[in-house]
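# Topology and contacts: notes
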Amino acid sequence: MEYKKLLSRSDDWLKYAINLHLLHEPKETLAELRNATLADSRIQKFLADVSVFHGTLVTNHKNPDLPIHKLLFLLDLGFGAEVPEINDAIDEILKHKDNHGIYQSMTNVPKHFGGAGVDVFSWCLCDAPLLLLALLKAGVEYHEFIKQGVDHLVSLYCDNGFPCAVSPELGKFRGPGRKDDCCPYATLIMANLLSYIPEYRDSQVAVSSVKVLLSLWENSLGQHPYMFYMGTDFRKLKAPSCWYDIVSVAGVLSKYEFVRHDLRYLEMIAHIRNKQDNDGFFI
């Protein structure tokens, strides 16, 4: 795609990301565009939301309004801890860490689902990797603040992917599936996290996680662990891409070079490309 064509149809925040990440313009030459982006009322709302990071209770990990999804979006645009509200968010995340080095979210699992029924700082394997990823993208020192938590989450890996796992604060809670099944979403976001970490990028755990996702696509008619389907709804192009759908899965898989000639991955890419309009855009 010609980026000029995309730029002509973009708001300031997207122009900033395109110039920074795709056209590789130096940040110092984008000061005016950066300031315009930060002044956008929608970006301002996101910044306000992430600055009180634990002010939103995590009750549905699919919810794109969760501060962690907004924080990752802002970080991916090209903003970091130099922005006061993002720095506040990072500080808030760092305040709540368990003995395994895993950062916690404010959650409330009802008693009838196996939880305590009260607001408590805790973690699930479907949110903890995202907090570690945000810290990594924000430039927080890896060995001091991130490595311990990553190592512990990696230790939870099973032969068929990452399981539905939670911290002790959540009691007996787990998702709606067989205990021995993998959690496809946890496996997806762990594969994404590990792709950014040199010591894990080529590890057996990372490679196996990717192969699990490819296998789920290959066997999508018969395998639906924890009710994560790869059916009609999965194949729709969605934004923001923060859950378990074809754009999210293909995006993570694309970070692993050995996948790029895999027929299953190529099938996903072909399906996405079929959604392009005559101008090369996607809806």
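Provided above is the structure to which this section pertains.
Residues numbered from 1 in each chain as written. Predicted model: local features only at pLDDT ≥ 70, side-chain atom pairs only at ≥ 80, totals over all residues. Heavy atoms only, no water.

### Re the overall build of the chain
A tally of helices and strands in the chain yields 14 helices and two strands. Computed over its C-alpha atoms, the radius of gyration of the chain comes to 19 Å, within 12% of the 19 Å expected for a compact globule of 283 residues. Projecting the C-alpha coordinates of the chain onto the three principal axes gives extents of approximately 50 × 45 × 35 Å. Relative to all contacts within the chain whose residues are 6 or more apart in sequence, the contacts with residues 24 or more apart total 62%. Entry remark: accessible area of the chain is about 14600 Å², with carbon and sulfur atoms responsible for 53%. Looking at charge distribution, the chain has the averaged site of its 29 positive side-chain charges lying 6 Å from that of its 35 negative ones. (Helix = DSSP H or I, 4+ residues; strand = E, 2+ residues; numbered from the N terminus. Rg over C-alpha atoms; globule rule 2.2 N^0.38 Å. Contact = heavy atoms within 4.5 Å. Areas by Shrake-Rupley, 256 points an atom, 1.4 Å probe, with all protein chains shown as cover. Lys, Arg positive; Asp, Glu negative; His and termini not counted. Charge placed at Lys NZ, Arg CZ, Asp CG, Glu CD.)

### Some thoughts on the packing of helix H2 (residues 12-22) against helix H3 (residues 31-39)
Two elements in contact, H2 and H3, have axes whose closest approach is 8 Å; the angle formed by their N-to-C orientations is 140°. The angle between H2 and H3 places the two elements in the oblique class. The two elements H2 and H3 cross, and the hand of that crossing is left-handed. Here Asp12, Trp13, Lys15, Tyr16 and Asn19 of H2 lie close against H3, whose contacting residues are Leu33, Arg34, Ala36 and Thr37. Among the residues forming the contact of H2 with H3, the class breakdown is four nonpolar, two polar and three charged. (Axes fitted to C-alpha atoms, helices over the stretch in contact; angles between N-to-C directions. Parallel < 35°, antiparallel > 145°, perpendicular 65-115°, else oblique. Left-handed = near helix turned anticlockwise from the far one by under 90°. Nonpolar A, V, L, I, M, F, W, Y, C, P; charged D, E, K, R; others polar.)

### Digging into the packing of aromatic side chains
Scanning all chains against the criterion turns up 10 aromatic pairs. Geometrically, the ring pair formed by phenylalanine 46 and phenylalanine 73 is edge-to-face, given 5.7 Å between the ring centres and 70° between the ring planes. In this pair, phenylalanine 46 is assigned in helix H4 (residues 41-51) and phenylalanine 73 in helix H5 (residues 67-77), connecting sequence segments 27 residues apart. Taking relative accessible area as the criterion, phenylalanine 73 reaches 28% and is therefore assigned partly exposed. Ring centres of tyrosine 185 and tryptophan 243 lie 4.1 Å apart, and the angle between their planes is 40°; on these two criteria the pair is classed as tilted. (Phe/Tyr/Trp six-rings, centres within 6.5 Å; stacked < 30°, edge-to-face > 60°. Buried < 20%, exposed > 50% of the residue type's maximum accessible area, 1.4 Å probe, protein only.)

### What about the nonpolar core?
Among the nonpolar cores identified, the biggest contains 87 residues, and Leu71, Ile86, Val150, Tyr185, Leu194, Tyr244 and Leu253 are the most heavily contacted of them. Dropping the residues within four chain positions of it, valine 150 is found in contact with Leu132, Tyr142, Leu193, Leu194, Ile197 and Tyr200. (Core = buried A, V, L, I, M, F, W, Y, C linked by side-chain atoms within 4.5 Å.)

### Section: a nonpolar patch on the surface
On the surface, a cluster of nonpolar side chains totalling about 230 Å² of accessible area is made up of Tyr3, Leu22 and Leu23. Given the relative accessible area of 32%, tyrosine 3 is considered partly exposed. (Patch = residues over 30% accessible without salt bridge, like charges linked within 9 Å, V, L, I, M, F, W, Y side chains within 5 Å. Salt bridge = Lys/Arg side-chain N within 4 Å of Asp/Glu carboxyl O.)

### A look at the environment of glutamate 169
Tracing the backbone shows glutamate 169 in the loop between helix H9 (147-155) and helix H10 (184-195). Between the alpha carbons of glutamate 169 and valine 109 there is a distance of 9.6 Å; along the sequence they are 60 residues apart. When residues no more than four places from it in sequence are discounted, the contact partners of glutamate 169 are Gln104, Val120, Phe121 and Ser122. Among the polar contacts listed, one links the side chain of glutamate 169 to the side chain of serine 167, at a separation of 2.7 Å. (Polar contact = N/O pair within 3.5 Å; in protein donor to acceptor, adjacent residues only side chain to side chain.)

### Looking at the pattern of salt bridges
Pairing is possible between side chains that carry opposite charge, provided their charged atoms lie close to one another. Applying the stated criterion across every chain yields a total of 15 salt bridges. Residue aspartate 40 pairs with arginine 42 through a salt bridge whose shortest N-O separation is 2.8 Å. For arginine 42, a relative accessible area of 45% translates into the label partly exposed. Ionic pairing is found between glutamate 199 and lysine 147, a salt bridge with its closest N-O pair at 3.2 Å.

### Observations regarding helix H13 (residues 246-253)
Counting buried residues in H13 gives six out of eight residues, a clear majority hidden from the surface. If you check which residues of H13 are buried, you get Ile246, Ser248, Val249, Ala250, Val252 and Leu253. Contacts from the buried residues of H13 go to H10, helix H12 (204-218) and helix H14 (263-273).

So, to be careful, I would describe these as geometric facts and stop short of saying anything about function.
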